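A look at the structure
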Amino acid sequence: MKFRLFLLPLLLLGLSAIMAAAPLAEGYAVAQDQQSAQPSQQTDQQQPAPLANGLLDAAVADLAKAKKAYASLQDEAKQPGMDDETLVALSGKVDDFNRSVTAISTRLQPRTAEIDTRLAQLGAAPKEGQPPEAPIVTQERDRLNAERSQISAVILDADNLTGESNRLSMQLMEMRRKLFAETLFKRTDISATTFGDAGAALVEEGIKFSGAVTSWIGFVLKAKLASFLAAVCLSIGAALLFLAGGYRLFRRYYVQDETIENPPYISRLSVAFWSTLIRTLSLAAFLVTSFFFLSNFNVLRPDIAPILAALFGFIGLVYFVGRLSNAVFAPFRPHWRLVKLSNKGAHSLTWCLQAMAVVNGLDYVFDRISESMGSPVVVTVAKSFLAALLIGLILIAASFGSPMLAKNGDPDAPGRRWPHGMAIILRVLGILVIFISFIGYVGLARFMATQMIVTSAVIATMYLGFQLGKAVSKQGVFAETIIGRFLESRLAFGEVALDQAGLIAGLATYAVALLTGIPLILLSWGFHIQDLEVFAYRLFTEIKIGNISISLLGICVGILLFAGGYLVTRWFQRWLDSNVMARGQVDLGVRNSVKTGIGYLGIAVAAIISISAAGIDLSSLALVASALSVGIGFGLQNIVSNFVSGLILLVERPFKVGDWIVSGTSEGIVKRISVRATEIETFRKQSIIVPNSELINASVGNWTHRNRLARSEIPVSVSYDADPRKVMDILLELVRAVPKVLRNPEPHVEFLRFGPSSLDFEMRFYLSDLSDGMEIRNNLRIEILKRFKEEGISIPYPHQELHIVRDGRSGRHADLAADELTDSADGPQAPAEDDRQEPPALPTAEDASEAKATGRRRGRTTAQ
C-alpha cells in the first residue's frame, strides 16, 4: 500500500510531463511548418516580380506598337508633293511619338532604381575562399540581375527609337526649309500672256467662288441655322467680353485725354503702347473665338473655313496697323504725337501705312480664295504681282512727301522733306520690290512687302514697349503715373516702394513686349503656330545642358511652392506667437527661440519640396561637389561653426532675447539671436553683431539668466570726526525708505576700511529688477548728501602737506613744487639727473629753521 502510494505521485508527475510536452511538440511542429513555409512567404513578400514583369511586359508591348507607328510615320514622310501644312501636321505627330517613347523609358526608371537599391543591400557575390551565402540570396540576386538586364535592353531600344524619331523630325524640318526656299525663290515668266491667262482664270474663279458662297449660305439656312445663330450669339458675347470689357477696364490707361494740353513723354508712350497692344489683342481674341465657335458648331465647310480665316486675319492686320499708326502719328491730336511730324505729314503717313496693310491683306485673302477654288497658279502670281507693284509705288510716293515738322514747331505749318537718307531707303525698297516682281520672283517680292508691313509694325510696337519700360524704370517716374498714384494713395506706398514697383513694372513691360512681338515676327517669317507650341513646350518642360535636364515649368512651380511655403511659415510663426504663446504668457526668449526654430524648419521643408517639384537632379553635380567639398569646408568652417553655435544657443538658451549680458568688451541687451550671429544693443543704442561661436567659446555674463534680481551698492566716505554708528543708521534709514528695495534679503551697510583721509562705508541692497538700479542709486545719493548736510557730517577729500628744503652748500633753495609732489599713490617724483650728481651737505640748525619757515610761506602761497 505504501509502495502504491509512493508510485502515485510519480504517475501524476509523468502524466503532467506528457501533457506539457504535447503542446511543445505541437508548437515545434508548427514552427517547423512555419520555417518550411518562410522561404515561400519571403519570396512572395520580396518578389515584386508580378508587378515588375507586368510593367516590363507592358513596356515591351508599347515599344512594339511604337515601332509600328514609327514605320507608318516614315512612310508618310516619303510621300511626294506634301505642302507646308502637311509637313507641320506630320512634325506634330513625330513630336507626340517622341514623347510617348520617352514615357516608356521614364516608366521603367523607378523600377531600375529599386533593383539597384536592392542589389546594393544584397551586396556582391562571395569570392573564392569566403563563406558561401544562403541559396535564397543567390537566387534573389540572379533574378534581379536578369530583370535589370531586360529593363536595360528595353530602355536602350527605346532610346534608339527616340534617336531615330529625332532624326526624322530634323528631316521634316529640312523639307520645310527647302519648300519655303523653293516657294520664295520660284521664278515665273511675267508677260502679257500670263496676265491674259490669269484674267480668264480669274473670271472662272469668281464664278466658282460666288457659287460656293451661295451654296454655303443655303446650307446654313437649311441645315445649320440653329448652330449658326448659336455661334453668332456666342461671338457677340465674346465681342462684349473682349472689346467692350477691355475698353471699360483699361480705357483710362490707353485713351488719349484731350483735356491735357502738354502730356509728358511717358504718358504718350504709355498710351501709344497699351492702346495698340490691348485693343489689337482684344480684337484678335474676338476673331479667334468667333472662328472657333463657327468651326466647332460645324457651320463652316472645308472650302469656306480657310477663306473666313484669311478674312479674319485681314481684319486683324488692318486694325493693328491702323491702331499703331494712329497711336504713334496721332493725326488728329498733335499734342499726343510721338514723332516730330506736321499734321499733313501725319495724315499722309497714316493713310500710306493703312493702304499698304489693306493691299497686303487683300492679296492674302485672294490667295486663300484661289487655293480653295482650285484656281491655277497664274492667278495667284498675277494677284501677288499687282499687290507688290502697288506697295512699291506707295513706298516711292511716300519718299517724295514732306512730313517732317517745320522748324518753328507749328504742326499746322507746311512740313519739311524727309531726311536724305530716309528718302533714299524708301525709294530703294519700293524700286526693289517692283524690280523683283518684274523679273519673275513674285513670291520673294510678296514676302518682302509683307515683312515691310507686318514685321515693321511689330518691331515698332516692341520699340514702344521697350521705351516705355525704360521710362517707367527711371527713378521717381513711376510715382507720376496713374498706377503709381493709385498705389501711393490706396496702399500707402512710400518713395522707395514706388521706385521698386517702377522697376518691376518696367521689367513686366519688357516681358509683355517680347512675349507678344517675337511670336508675331516668327509667324510672319514662315513659322507655324504648332512650331511655336512645340518650342514653348520644350522650353518650359525640358532644356538639356549636357547630361543635365532643366524644366522651366518645374522651376517656376518650385519657386511658387517655395514662396507659398515661406508665406505659410511666416503666417504660422505670427499666429503661434500672438495666439498661443502670447496668451500663455510664455517668456520672450522662449517665444523668440520657438519662432526662429519654426522659421528655419519651415524654410528647409519648403526648399526640399520646391527642389523636388522642380525636378532638379543633383546627382550629376555630386562629382563636382565632392571635388569642391574640401575647399568649401575650409572656406566655410567659420560659418558652419557659427551656425552650429547658433543652434546650441537656441536650444540650450544660456541667454535669451531681452537679457542683459556681458561678453568681452560688449555689454547690453540681447535683441536678436539668429543661427549665425547675435545682436546686442548697448546702453548707448549701438548695435553690436557678435558671432555665435565667440559666445559659445568665451565666458558670458548674464545679469538676467534666472531672474532680474540683482544687488546694488553705493560707496560712502565720511570724515574721521563722524560717528560710524550714526552714519550706518542714517544710511539704513534712507535705503529702507525706498519702496523698490527688497526687504528680503535685507539691506545693510558695511564699514569697509579706515581710509587715508576718510571712513569708508558701502551700502548694499537688493532690487527685484536691476534696470531700476540707476534711478534708485541716483536718488539715494541725493538723499544721502542732503541728510549729511543736515546732520553736520562732512565728506572729506584727499589733501597733502608740502615741504620745501633749502640746499645749504650752494645757498640755492631746492623748490619741490606741487607738480613734483602729487597726490598719486606712487609718492614724490625722483630728482632730476643734474640734482643727483653731487650729494648735498648736511644742513645746519639755522639753515633748517630758515628752510621750514620758507617752506611754510611757499606752501601757503601754493595752496592759495
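Residues numbered from 1 in each chain as written. Predicted model: local features only at pLDDT ≥ 70, side-chain atom pairs only at ≥ 80, totals over all residues. Heavy atoms only, no water.

**Description of the overall build of the protein chain**
Assigned secondary structure in the protein chain consists of 23 helices and 12 strands. Of all 864 residues assigned to the protein chain, the portion counted as buried reaches 33%. In the protein chain, the share of contacts with a sequence separation of at least 24, taken over all contacts with a separation of at least 6, comes to 70%. As displayed, the protein chain offers around 52,900 Å² of accessible surface, 63% of which is attributable to carbon and sulfur atoms. (Helix = DSSP H or I, 4+ residues; strand = E, 2+ residues; numbered from the N terminus. Buried < 20%, exposed > 50% of the residue type's maximum accessible area, 1.4 Å probe, protein only. Contact = heavy atoms within 4.5 Å. Areas by Shrake-Rupley, 256 points an atom, 1.4 Å probe, with all protein chains shown as cover.)

**A few points about the layout of surface pockets**
Taken as a whole, the second largest pocket encloses approximately 910 Å³ of empty space. Lining the second largest pocket are 31 residues, with Phe329, Leu353, Met422, Ser456 and Ala460 positioned closest to its centre. Only helix 7 (265-296), helix 8 (305-329), helix 9 (343-373), helix 10 (377-399), helix 11 (420-438) and helix 12 (442-473) provide two or more residues apiece to the lining of the second largest pocket. Tallying contributions element by element places helix 12 first for the lining of the second largest pocket, with 7 residues. Within the lining of the second largest pocket, the residues separate by chemical class into 28 nonpolar, 2 polar and 1 charged. (1 Å grid on protein atoms, 1.4 Å probe; cavity = no way out; pocket = protein on both sides within 12 Å on 5 of 7 lines; lining within 4 Å. Points joined across faces, edges and corners; volume = space filled by probe spheres on them. Nonpolar A, V, L, I, M, F, W, Y, C, P; charged D, E, K, R; others polar.)

**Focus: the sheet that holds strand 9 (residues 748-754)**
On the basis of which strands lie adjacent, the open sheet formed by 3 strands has the order 8-10-9 and antiparallel pairing. Looking at which strands have only one partner, the edges of the open sheet turn out to be strand 8 (710-718) and strand 9. Looking at each pair of strands side by side, their axes are set apart by 25° on average, direction ignored. Pairing of strand 9 with strand 10 (residues 759-767), which is carried by 6 bridges, proceeds in the antiparallel orientation. (Pairing = 2+ DSSP bridges. Axes fitted to C-alpha atoms, helices over the stretch in contact; angles between N-to-C directions.)

**Concerning the environment of Ala604**
Positionally, Ala604 belongs in helix 17 (residues 588-614). Note on Ala604: relative accessible area 37%, which makes it partly exposed. Taking the C-alpha atoms as reference, Ala604 lies 9.5 Å from Gly565; in sequence the two are 39 residues apart.

**Here's the deal with the pattern of salt bridges**
Under the counting rule described, the total for this entry stands at 28 salt bridges. When the shortest N-O distance is used, the salt bridge between Glu371 and Arg368 registers 3.3 Å. Separated by 3 residues within a single helix, Glu371 and Arg368 lie in helix 9, roughly one turn from each other. A salt bridge links Arg708 to Asp769; its shortest N-O distance comes to 2.7 Å. With Arg708 in the loop between strand 7 (701-702) and strand 8 and Asp769 in the loop between strand 10 and helix 22 (773-791), the pair connects residues that are 61 residues apart, well separated along the chain. Taking the relative accessible area as the measure of exposure, Asp769 reaches 22% and is therefore partly exposed. If you follow the salt bridges from partner to partner, you end up with Arg111, Glu114, Glu140, Arg143 and Glu147 in one network. (Salt bridge = Lys/Arg side-chain N within 4 Å of Asp/Glu carboxyl O.)

**Some words on the pairing of strand 6 (residues 687-691)**
Two strands pair when backbone bridges link them, and strand 5 (residues 677-681) and strand 6 are joined in this way by 5 bridges, in the antiparallel orientation. Within the sheet, the bridge partner assigned to Ile680 lies in strand 6 and is Ile688. Remark: 5 residues form the turn of the hairpin made by strand 5 and strand 6, two consecutive strands paired antiparallel; Lys685 in that turn has positive phi of roughly 65°.

**Thoughts on the sheet that holds strand 5**
Taken together, 5 strands build an open sheet; the order of strands is 6-5-4-3-7 and the sheet is antiparallel. The outermost strands of the open sheet, each flanked by one partner alone, are strand 6 and strand 7.

**Section: the packing of helix 5 (residues 192-223) against helix 9**
For the pair helix 5 and helix 9, interaxial distance at closest approach is 10 Å and the crossing angle is 80°. Our classification of the angle between helix 5 and helix 9 gives roughly perpendicular. On helix 9, the residues that touch Glu205, Lys208, Phe209 and Ala212 of helix 5 are Phe366, Ile369, Ser370 and Met373. Residues belonging to the contact of helix 5 with helix 9 are distributed by class as follows: 5 nonpolar, 1 polar and 2 charged. (Parallel < 35°, antiparallel > 145°, perpendicular 65-115°, else oblique.)

In short, the description is geometric, and any link to function would need to be established separately.
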